[in-house]
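Coordinate analysis (summary)
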Amino acid sequence: MPDVLIMRHGEAAPGFPDHARRLTPNGEREAEKMARWLSQRVAAGELLAPRIYASPFVRAQKTAQTLCDALGTSLETLDFITPDDSPHAVSDWLLEQPDGAPIMLVSHMPLVGDVTGLLVEGSPAQGIGFPTAAIAELEAEIWAAGCAQLKRFTQPSQL
């Protein structure tokens with residue numbers, strides 16, 4: 001199975017409605033930094049260019065589009081990866097995906113932490129905190145609860 005990368009969107013401005021919140025200038029810089037880092041890794045052959053999927057919320061779409069622009073890939077939207085969606089639905093969807101390129105999901109807290117907890121520890125309650133624009137890289141033979149390993153966790157401040 002391909003690796004799965006789970007990313008939280010860049011820093012977003014407060015506002016209402018929630019789905020329309022935009023990235024702050026810092027959030028745009030975070031997304032650009034992570035996009036450059038991923039692009040360098042793909043160019044070096046360290047990582048295959050992932051298929052990128054994002055929540056329909058504006059801040060996730062903008063973060064993901066920055067990645068797509070840097071990697072020369074297209075963006076697909078998944079309606080079931082918004083902040084309060086079910087991590088089990090994401091796991092079920094991953095189980096249905098064909099082998100191939102890595103999959104990257106750009107979403108929100110608490111979902112990114114819950115999905116990571118479910119896949120690695122077997123329970124969404126064991127999720128990890130994600131700073132804005134952080135990326136968790138997981139590997140697994142099967143994308144079921146507790147079957148993945150966390151290979152790497154990187155946030156913009158580390159680059």
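Residues numbered from 1 in each chain as written. Predicted model: local features only at pLDDT ≥ 70, side-chain atom pairs only at ≥ 80, totals over all residues. Heavy atoms only, no water.

Description of the overall build of the chain
Helix and strand counts for the chain come out as 4 helices and 6 strands. For the chain, the N- to C-terminal ordering of α and β elements is β-α-β-α-β-α-β-α-β-β. By the compact-globule yardstick of 15 Å for 159 residues, the chain fits well, its C-alpha radius of gyration being 14 Å. In terms of its C-alpha atoms, the chain occupies a principal-axis envelope of roughly 40 × 35 × 25 Å. Across the 159 residues that make up the chain, the buried fraction comes to 45%. Put simply, 67% of the contacts in the chain that link residues at least 6 apart link residues at least 24 apart. Surface accessibility of the chain: about 7,200 Å² in total, with carbon and sulfur atoms responsible for 49%. (Helix = DSSP H or I, 4+ residues; strand = E, 2+ residues; numbered from the N terminus. Rg over C-alpha atoms; globule rule 2.2 N^0.38 Å. Buried < 20%, exposed > 50% of the residue type's maximum accessible area, 1.4 Å probe, protein only. Contact = heavy atoms within 4.5 Å. Areas by Shrake-Rupley, 256 points an atom, 1.4 Å probe, with all protein chains shown as cover.)

A short note on the packing of aromatic side chains
Counted by the stated rule, this structure contains 3 aromatic pairs. For the ring pair Tyr53 and Trp93, a centre distance of 4.9 Å and an interplane angle of 80° mean the geometry is edge-to-face. Of this pair, Tyr53 sits in strand β2 (residues 51-54) while Trp93 sits in helix α3 (residues 87-96); the two residues are 40 residues apart in sequence, bridging distant segments of the chain. We note that Tyr53, like Trp93, is buried. Here the aromatic rings of Phe130 and Phe153 are separated by 5.1 Å at their centres, their planes lie at 70°, and the arrangement is edge-to-face. You can see Phe130 sitting in the loop between α4 (111-121) and β5 (135-140) and its partner Phe153 sitting in strand β6 (residues 148-154), a full 23 residues away along the chain. On the basis of relative accessible area, Phe130 is assigned to the buried category, the value being 3%. Residue Phe153 is classed as partly exposed on the basis of its relative accessible area, which comes to 25%. Joined through ring pairs, the aromatic side chains of Tyr53, Phe80 and Trp93 make up one cluster. For Arg41, the ring lying beneath its charged end belongs to Trp37, and the centroid distance is 4.6 Å. (Phe/Tyr/Trp six-rings, centres within 6.5 Å; stacked < 30°, edge-to-face > 60°. Lys NZ or Arg CZ within 6 Å of the ring centre and 35° of its normal.)

Bear in mind that shape data such as this cannot, by itself, settle questions of function.
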